[in-house]
Each structure stands twice: as structure tokens, then as C-alpha cells.
Amino acid sequence: MLVLMGPCTWIWPYLSIFADSLYALSGTRKHLERITSVGPRPVGSRENEVLTVNFLLEQIEHIKTISASGPNSVTVDVQRPTGSYKFLGGITSYCKVSNIAVRLEPKAGAQHLMLANCHFDTVANSPGASDDAVSCAVMLEVLHSLANLSTPLRHGVVFLFNGAEETMQQASHGFITQHPWAKQVRAFINLEAVGVGGKELVFQTGPENPWLIQAYKHAAKHPFASVVGQEIFQRRLIPSDTDFRIYRDFGNIPGDNILAVLKHLVMSEELADSSEYRHGNTVFFDLLGMVVVAYPAHVGTIINYITAIATFLYLFKKCFHPSNMGKGSQEHILIFYLFILVIMCLPFSDLPLYGFSPAVNVTQGSSMPLLTPLTLCVCLFLLQGVRHLEVGELYFDVSLLLWCGALVYFTAHSLCSAYVPMLMVAFPLATKLLLAREFKLRGASVKYSVLYQLGLALPYVHFMSLIWLVFEIFTPTLGRINTYPPDVVLATIVTFTTLFFSSFFLHFIYLARSTKWLLAGLGTVFTVLLLLVSCGMFFPYTADPSGPRPKRVSIQHTTRIVHGLDGQVESRDSGLWINSCDYTGMQHITPIIPEINDTIKTNCQEDRPFCGFPWFGSDKNNWYLPAPEVFPKSPVEFQLLSKEETKWGTVRLTFEVKGPSHMSLYLMPHRGASLSSWWFGDGTPQLYLAREYFIFYTHGLDAPAWNFWFQIQPPNEEGPEGMISVAISSHYYFGEDQRTVQLDDMLQRFPKWAFPSSWVSTYHMYRY
């Protein structure tokens, strides 16, 4: 994913691009292989903090040396930002992490900077090739190309190789809030990965900076852009987050494509004063990757309403034409009837989804196929006896009315995506009007059919590319959802996609001489697909490297210890804590590993912070298999340094913690008690859930002890459980503490189509 965005005290414009495979630039593959050869790179690991940092610095120093005689200069700064901030959902993040910032500018200096961002850290157990080593490899090549230009740049560029994105975007926050260069940044590009392949996509622009899209429009050699992606992400319909959000929220800023766009921006006048070019949102989309169409949103609103008015005039004239009124208003009555019929048919198209999906999902785990032929069958059956020519015309008009309704709705809600229904109204309407005489003379002739399809080609081809984009992004990311069946989401998209595609082409079905064979064919397709789904012909997972569909599972070998008010251990247990990252749970794992079954499914322990487990996850999809206790060589040391009453009647507790690079602190005040202030962020405690606070802690190498405090307002009458429960969890994502014998034995039993991410953790709870 590529993101163009931009200072801490200015409004930064941005442009977002999704990318998954960026190998066009020479040398990119070599850099990618070197970065990924060290293996997983979690924050705090030697692989991330030493090996990868040293490799990047070595390559940057080489670029600096060979470009020294040129008109531009290269400056390198290794930043170690420290601090805390509030993250989305109420999480408080505290960190001490790593950034490599490279400043490329004319030797005379530059007042205004572009920012290009990638991250080289990974989650545990993953080499992170696409997320996000490939982007850092691309950035090295772009830096090399720009540094060796024979002409000086107009503005400067900061290439930020950040070392902590997977830990709630801590490194990007550290740069944008603490680095002195951040104040000069006017726009930025964020390179990130999502999906399973394909070309880079511009999917966001803003805030209200259309000049960035114009820059992309003029510079990109292979444009691929859509405002639809922007509005999908703005409404959080995709469960994903990147450094883009940090630059937007905390900075308040806005392949060969990348190099060309970046070169264009650093040579542009707009970068110097981007606020001068802010004038609302932009509608943008590409046409088959050849050209980008972009125009201001207010112009789009005018176009949309003109299209809608023209449509309503067409339908009004047709309904109330004297020739039709003579028939007793038959046509407009039938239009209304057919409109209601189509609306009524929509639930039938999803009947197999909402009726059969839960059962099929539980028994077979199958993905739902195309089931919309049922809708078409119902419509055709109920319209038997009506003249085909008349029904064909009516169905076209109703399709036009439905799309026009969507157009008006989208436009009224200020959605730039309204251009899609606009195309699906304007082109069919214009085609129909232009071919009215041909149809009146010869009916549904071959010439009419060819010309009709040509008239609909552009909106339909563009709509197909959008749908393909949606599936390319949604399909892999829906694998992260474990609270509801993602099959229903995908099947709903398929259903409505089929309805949208068929809307104007069913016009031909009704013009056919006989619908019996069509009705029989559609019914057969529906029956066959339903049988295939019901008998489990479609298995949701595969280990095929050409098209992998893995089942994602997380496994923690954890030990939990609960202390009472007197500091003594009340309870302790150990086990393998297993989380399913998708909705199917363990139903496909249980036949292979019988011990992992619903008898060991665990529920939330309400009297413990975060249900008594060392992470935040879905209570619905947790399994806890007893196992021996873990003994990390670097155990957590948690100590209460002081407890004192303040003059305001609160109690101030001060702690010191030593432990691994990833820890989480959970605070749960008891009934009647409340947190009044703390050491983190701006000093104001922020709830993560209804009654709990969550502080996410990360550090790189050689971090000092973690000291913090909080003040609590005690209840009027303190109960036997005290004022507050405090829990500290530790996570060992790398090194010798990451593995145990029991964990390794369990991992070897998982099938090849499963991807279990595993590590060791501990959970210590105290009451005060």
C-alpha cells in the first residue's frame, strides 16, 4: 500500500496507494532478499534493531557516497523516539523504538519536505516480505534514483524507514511528534501492503487536497486509482490499520509509479504551500489503467443531479405519455409493481446466505457461491403471462430507477463514490435514447444488441474492475474476522454484484422468444450450487503456494499467577491459550488435534483484567489446553515502589517494571473506585473497555526499567478485594524464551494449511 499524505503544525495532504508486488525497480529484489533473510523482525529483536538497521544504514551510506558529487545532499539520522499516546479504541501506547530518517535535498537546503514511509519490523513468526520489506526495498531504489539526478531538487524528501509499525504504529508517531524534520513536511507517501497481489492503487487523498491526485494523474505511468477505496477505508469497513492513520491524526497532514509521482511532487510548486490549493474533495478513478479522471466533488454533485433529473424526466414522460394513459396507466402501474417485485426479490437472493449459511458454515465450513439465480428465477416466474417486449422495457426502466435512487442517495450523503451509479445511469439512458428508433423499427435485432452492449461497455468494464478490487482487498482481510461469518459478507457482495451486472442485461432475457429454457437453466445452476455447498465440496483452506488460503491461529504458552491483597499467590495455572483468527473456530482442527475441542473452550473471568488472559481478543474464540508452567530466562519483575495518600483524598501508586520488549499493563478499578490521573500521555486516563484501562508497552534493545504511577480515588467503603486490580502481561516474540517443548510439539501437529503464530507469555495479577 502506498500512501501520499503530509506537518505537525500544518494540514498535511496525502494520497494513499495500495501495493502488494513492487519489483519493477532494479535492485529491489536484492534488497528484499537481504532484509527477509534474517527472518522475522519483531520490535526489540536483534534481527530488527541491529541486523536490519545495519543493512539499511550500509545501503544508505553507499548511496550517499556515490551521489556526493551531485547537486543534492543526503543526511542520515537514527532516531530513538520515546513517549506515550492514546491510540484508537482507547488503548494507551508507550514505546522506545527505532527510526532511520534520510533527508535528500538540494545542497543549498530546502524549506519544504515530502515524506516517504515504510516499516521494516514484522509480527512474530513472519519474514514480512510484502508487509513491509518490499516497500523498504523500493524506497532504497527510489532514494538511489533521486540522489543521482543531475539536476537539483526543488524541495526535499525524507525517507523514513521505521522500525515499529506492527506495534500500533509507534515509530511513525515518534517521528511525526518528536523529530525536528517533521515540521517541514508538507505531504507524505506511505508504502504498505494489503491483499494477496496486484498493482498499486491510489485509495485515499486528503484532507481536501485534490492537487495530489492531479500530481498522480500527470506523473503515474500506470495509474490505478479509485475514490471508492477511500470511502471504504474512511468508514473502517476493512479491518486494517497502518502508519497512514498516525500521520493523518497526529500530524494532521495530508514502482516506477512511485518514483515518477515522488519526482513530480518534489519539483512541484504546490508542495511549498499546499494550503493554497485546498478546495474540497475530489472524485477520481482510472479508466483501464490508461488515464485518471479527476474533478472536484462539487462539480460531481452538479453532474449527478443533472443525470438524476434527466432520468426522472425520461420516466415521467414515458409513464404519462398520452399513448400510455389511454391504456389506463398500465405501464406506470406495472413499473411500480415491478419495482416492488425487485425489492421483494432481494431478500430471496440472500435466503441461502442467511438461512443456510450458519448451518453450512458450522457443518462444512464452506464458502458461499453465486446463489443469485434464485432471484432471477422468482422474477421470471412471477412475470409469466406479461408480454415479453413490454416486460423488457419495464425492467430496463426499473433498473434505471434503482440506479438513479442510489445516485441520489450517494450524492445527498456527499459520497464521491456516487460517480459509479452516475455512470450506470447516464450511459444506459443515453444508449437507450440513441437506439430508440432502431428498437422501434426492428426490435431486439443483432445490430441493436451489439450497439446496446457497446453503449454499456465503459461503465460495466469499470464496475468490474472495482468489484475485482473489492474482492482483492476484502477476501484476505476478512480472514481476520472471528465475530461473524465472513462468508455472509462476501456472498452478499457477490449477490448484489450479480444483481448490478444483470440489471440492464436482463433486458435481453425478456426480449427472448421464450424464457422457459432460461428459467430452467437458472434453476439448475441454483440447485447444483446449493447441493455443492451443502455437501462440503468447497474446503476453505489450502497450502497451495500459488494461491494460499491459510487458517490463522495464535498460540501462547502462558502461565497465569494471581496475587491477593497481602501479596500472596491465590492461584496459578499454565496452558496453551489458543485463539482462532477466523469464524470457523477449531472445527477443522479438532479432527486432526482432538485435544483442541469445545470442551476446553474458555469464558471471560469477569473479576480479572482482560478476562484473565495476556492479550485482548474475542472471548468467543478462546481455547485453553492445560500445559506445564513456563520459566522465561528474562522474567517480569513487577514492584510497587510506593503507596501514598494525597491531599485530594486520592491514593498514588508508583511502580517499576523490568521485562521483555513487549508488555501490556491492564488496570481495572473496583466498584466505587476510579482513576483520576496517571503518568502516561497527557495525564488523563482513558478507558479501553467499559471498566478497564490498557497500556501497550514496547521497547527496543537495552531499555531501562519502566517506571510509572497512577492516582486512584478509592471507594467510600473499600471491599475485601481492595481498590484496583493491576495485571502485567509479558510476550516473548523472539529468542530462546519464545519456544517451549510443549509449544513445538503442538505446532508440529497442525496441518500444512494452518499458520499458527506462537510465542510464550505470562500474566501476573495484583490487588491493591
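All figures in this text were calculated on a predicted structure; none of them were measured in a lab.

S.K.: Please provide a residue-by-residue account of the overall build of the chain, values included.
M.R.: The helix and strand tally for the chain stands at 21 helices and 23 strands. The buried share among the 768 residues of the chain stands at 56%. Accessible surface for the chain amounts to roughly 32000 Å². Of this, 60% is attributable to carbon and sulfur atoms.

S.K.: Which residues make up the nonpolar core, and what are the values?
M.R.: Soluble globular proteins tend to pack their nonpolar side chains together in the buried interior. Membership of the largest hydrophobic core comes to 48 residues, with the highest contact counts inside it found for Phe638, Leu667, Trp706, Phe710 and Ile724. If near-sequence neighbours (up to four positions away) are discounted, Trp706 is found in contact with Tyr94, Phe655, Glu656, Val657, Met663, Leu665, Trp679, Phe680, Ile695, Tyr697 and Ile728. Counting 35 residues, the second largest nonpolar core, distinct from the first, contains Leu32, Ile63, Val102 and Ile189.

S.K.: Account for the environment of Asn281, with residues named and values stated.
M.R.: Within the fold, Asn281 resides in the loop between helix H8 (256–266) and strand E11 (282–287). Here the alpha-carbon distance between Asn281 and Leu415, two residues 134 residues apart in the chain, equals 9.8 Å.

S.K.: With reference to specific residues and values, describe the state of the cysteines.
M.R.: Each disulfide is one covalent bond, formed between the sulfur atoms of two cysteines. Counted by the stated rule, this structure contains 2 disulfides. Each sulfur in the disulfide pair Cys118 and Cys136 lies 2.2 Å from the other. In this structure the cystine formed by Cys118 and Cys136 twists about its S-S bond by roughly 105°; its chirality is therefore right-handed. Of this pair, Cys118 sits in strand E7 (residues 113–119) while Cys136 sits in helix H3 (residues 129–147), and the two are 18 residues apart along the sequence. Overall, the relative accessible area of 0% leaves Cys136 in the buried class. Between the sulfur atoms of Cys604 and its disulfide partner Cys611 the distance amounts to 2.0 Å. Of note, the bridge from Cys604 to Cys611 carries an S-S torsion of about -85° and is left-handed in sense. With a relative accessible area of 21%, Cys604 lands in the partly exposed category.

S.K.: Tell me about unusual backbone geometry, and please be specific about residues and values.
M.R.: Phi at Gln169 takes a positive value of approximately 55°, unusual for a residue other than glycine. Structurally, Gln169 is set in the loop between strand E8 (156–162) and helix H4 (170–178). For Phe610, which is not glycine, the phi torsion reads 55° and is therefore positive. Position of Phe610 among the secondary structure elements: in the loop between strand E14 (569–580) and strand E15 (622–626). Classification of Phe610 by relative accessible area gives buried; the value is 6%.

S.K.: Let's hear about the packing of helix H9 (residues 297–319) against helix H15 (residues 419–434): which residues, and what values?
M.R.: Close contact between H9 and H15 brings their axes to 10 Å; oriented N to C, the two are set at 45°. Our classification of the angle between H9 and H15 gives oblique. Pair H9 / H15 crosses with left-handed handedness. The segment H9 lies against H15, with Ile303, Asn304, Thr307, Ala310, Thr311 and Tyr314 engaging Met422, Val425, Ala426, Leu429, Lys432 and Leu433. Among the residues forming the contact of H9 with H15, the class breakdown is 8 nonpolar, 3 polar and 1 charged.

S.K.: Please set out the sheet that holds strand E23 (residues 754–767) residue by residue, giving values where relevant.
M.R.: Read across the open sheet, the 9 strands follow the order E4-E5-E20-E18-E22-E23-E13-E14-E15; overall the sheet is mixed. The open sheet terminates on both sides in strands that have one partner only, identified here as strand E4 (82–86) and E15. Each strand of the sheet is rotated relative to its neighbour by a mean of 20°, with strand direction disregarded.

S.K.: Break down the sheet that holds strand E17 (residues 651–658) for me, citing the residues and quoting the values.
M.R.: Pairing is antiparallel in the open sheet, where 4 strands are placed in the order E16-E17-E21-E19. The two strands at the open ends of the sheet, each matched to only one other strand, are strand E16 (637–645) and strand E19 (674–678). The sheet shows a mean angle of 30° between the axes of neighbouring strands, taken without regard to direction. Sheet analysis places E19 next to strand E21 (residues 706–713), joined by 4 bridges and oriented antiparallel. If you follow Ser677 over to E21, its bridge partner there is Gln711.

S.K.: Now, about H4: what can you tell me, with residues and values included?
M.R.: Buried residues dominate H4, accounting for 7 of its 9 residues. Along H4, the positions that sit buried rather than exposed are Gln170, Ala171, Ser172, His173, Gly174, Phe175 and Ile176.

S.K.: So what's going on with the side chain of Ser98? Which residues, and what values?
M.R.: Tracing the sequence through the fold places Ser98 in the loop between strand E5 (92–96) and strand E6 (99–106). Among the polar contacts listed, one links the side chain of Ser98 to the side chain of Glu49, at a separation of 2.8 Å. Among the polar contacts made by the side chain of Ser98, one reaches the side chain of Arg80 at a distance of 2.4 Å. Sequence-distant contacts of Ser98, defined by excluding residues within four places in its chain, comprise Glu49, Gln79, Arg80, Pro81, Asn162, Gly163, Ala164 and Ala171.

S.K.: Would you mind going over the packing of aromatic side chains in detail, with residue names and values included?
M.R.: Taken as a whole and assessed by the stated rule, the structure comprises 29 aromatic pairs. Three or more aromatic residues link up through ring pairs in this structure, and these residues are Phe638, Phe655, Trp678, Trp679, Phe680, Tyr693, Tyr697, Trp706, Phe708, Phe710, Tyr766 and Tyr768. Positioned above the aromatic ring of Trp709, the side-chain terminus of Arg652 is 3.9 Å from the ring centre.

S.K.: Please provide a residue-by-residue account of the environment of Leu56, values included.
M.R.: By the element assignment, Leu56 lies in helix H2 (residues 46–66). The spatial distance from the C-alpha of Leu56 to the C-alpha of Phe161 is 8.4 Å, given a sequence separation of 105 residues.

So, how was this worked out
- Every chain begins its residue count from 1, and numbering advances along the sequence as written.
- Restriction of local features to residues with pLDDT of at least 70 applies here, the model being predicted, together with a cutoff of 80 or more for giving and counting side-chain atom pairs; totals for whole chains, interfaces and linings are based on all residues.
- Hydrogens and water are ignored here; the side-chain numbers use all heavy atoms of the structure.
- Each helix is a run of DSSP H or I of at least 4 residues and each strand a run of E of at least 2, with the numbering of both proceeding from the N terminus.
- Buried means the residue's accessible area, taken with a 1.4 Å probe over protein chains only, is under 20% of the maximum for its type, while exposed means over 50%, and partly exposed covers the values in between.
- Accessible areas in this description were obtained via Shrake-Rupley with a 1.4 Å probe; residue shielding takes into account the shown protein chains only.
- Remark: nonpolar core denotes a set of buried residues (Ala, Val, Leu, Ile, Met, Phe, Trp, Tyr, Cys) joined through side-chain atoms within 4.5 Å.
- For this analysis, residues touch if any pair of their heavy atoms sits within 4.5 Å.
- Any two cysteine sulfur atoms within 2.5 Å of one another count as a disulfide.
- Think of each axis as a best-fit line through the C-alpha atoms, taken over the contacting stretch in the case of a helix, with angles from 0 to 180 degrees between the N-to-C directions.
- Reported orientations rely on four angle classes, namely roughly parallel under 35 degrees, roughly antiparallel over 145, roughly perpendicular from 65 to 115, and oblique for the rest.
- For any pair of crossing helices, the crossing counts as left-handed if the nearer helix is rotated counterclockwise from the farther one by less than a right angle, and right-handed if it is rotated clockwise.
- Throughout this entry, Asp, Glu, Lys and Arg are counted as charged residues, while Ala, Val, Leu, Ile, Met, Phe, Trp, Tyr, Cys and Pro are counted as nonpolar. The remaining residues, Gly among them, count as polar.
- Following DSSP output, two strands are said to pair if at least two bridges run between them.
- In the analysis that follows, any N or O atom pair within 3.5 Å is treated as a polar contact, provided that within protein one partner can donate a hydrogen and the other can accept it, and provided that, for residues neighboring in sequence, both atoms belong to side chains.
- Whether two aromatic rings pair depends on their centres lying within 6.5 Å, for rings of Phe, Tyr and Trp, where Trp uses its six-membered ring; planes under 30 degrees apart make the pair stacked, over 60 edge-to-face, and the rest tilted.
- In this scheme, Lys NZ or Arg CZ marks a charge over a ring once it lies within 6 Å of the ring centre and within 35 degrees of the ring normal.

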